[in-house]
Amino acid sequence: MVSQDIIAQLHQDITTAEDAGDEQTAARLRTELESAKQAARNEGNAAETE
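To start, this report covers the structure provided alongside it. (Residues numbered from 1 in each chain as written. Predicted model: local features only at pLDDT ≥ 70, side-chain atom pairs only at ≥ 80, totals over all residues. Heavy atoms only, no water.)

1. A short note on the overall build of the protein chain
Convention followed: For helices the rule is a DSSP run of H or I covering at least 4 residues; for strands it is a run of E covering at least 2, with both sets numbered from the N terminus onward. Radius of gyration here is computed from C-alpha atoms only, and the compact-globule reference equals 2.2 Å multiplied by the residue count raised to the power 0.38. Burial status follows relative accessibility: with a 1.4 Å probe on protein chains alone, a residue under 20% of its type maximum counts as buried, one over 50% as exposed, and anything between as partly exposed. A 1.4 Å probe and the Shrake-Rupley method give the accessible areas. Residues count as covered only by the protein chains that appear here. Counted charges follow a simple rule, with Lys and Arg positive, Asp and Glu negative, and His plus the chain ends left uncounted. Throughout, a charge is located at the NZ atom of Lys, the CZ atom of Arg, the CG atom of Asp or the CD atom of Glu.
Tallying secondary structure elements over the protein chain gives two helices and zero strands in all. Expected size for 50 residues packed as a compact globule is a radius of gyration near 10 Å; at 13 Å, the protein chain overshoots this value by more than 25%. A buried classification covers 18% of the 50 residues belonging to the protein chain. Of the roughly 3,700 Å² that the protein chain leaves accessible, carbon and sulfur atoms contribute 50%. Here the protein chain contributes 4 positive and 11 negative side-chain charges, whose respective centroids are spaced 5 Å apart.

As C-alpha cells, this is what we get:
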C-alpha cells in the first residue's frame with residue numbers, strides 16, 4: 001500500500017535535491033514519485049472494484 005506520507009516525502013526529497021543542485025537525484029526521485037502515484041491510483045481502482 002502506497003501511503004500519502006510516502007508521496008509527500010518524495011515531494012520533499014525532490015525539493016531538497018533541487019535546492020542542492022543535484023538534478024540527477026531529483027530526476028530519479030521524480031521517477032519514483034510517478035511510480036508511487038501510479039501504485040496509489042492502481043490501489044484506488046482495485047478498491048473500487050471490490
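2. Overview of the nonpolar core
Under the convention used in this document: To qualify as a nonpolar core, a set must consist of buried Ala, Val, Leu, Ile, Met, Phe, Trp, Tyr and Cys residues joined through side-chain atoms within 4.5 Å. Two residues form a contact once any of their heavy atoms are found within 4.5 Å.
Counting residues in each nonpolar core, the largest one holds nine residues, listed as Val2, Ile7, Leu10, Ile14, Ala17, Ala26, Leu29, Leu33 and Ala36. At the level of elements, α1 (4-19) and α2 (23-49) are the ones that each hand at least two residues to this core. Setting aside residues no more than four positions away along its own chain, Ile14 makes contact with Ala26, Leu29, Arg30 and Leu33.

3. Considering the environment of His11
Looking at where His11 falls in the secondary structure, it is placed in helix α1. Taking the C-alpha atoms as reference points, His11 and Glu43, 32 residues apart in sequence, are found 20 Å from one another.

4. Looking at α1
Note the threshold: The span one expects for a helix is its residue count, reduced by one, times 1.5 Å.
Given a rise of 1.5 Å per residue, 16 residues ought to cover 22 Å, and the 23 Å separating the end C-alpha atoms of α1 matches this to within 8%. Looking one or two places after α1, you find Gly21, whose phi comes out positive at around 80°.

5. Describing the pattern of salt bridges
Side chains that differ in charge, positive against negative, can pair when their charged atoms come close. Spelled out, the test is: Salt-bridge detection follows one rule: a side-chain nitrogen of Lys or Arg within 4 Å of a carboxyl oxygen of Asp or Glu.
For the structure on display, the rule yields three salt bridges. Its salt-bridge partner being Arg30, residue Glu23 comes within 3.5 Å of it at the nearest N-O pair.

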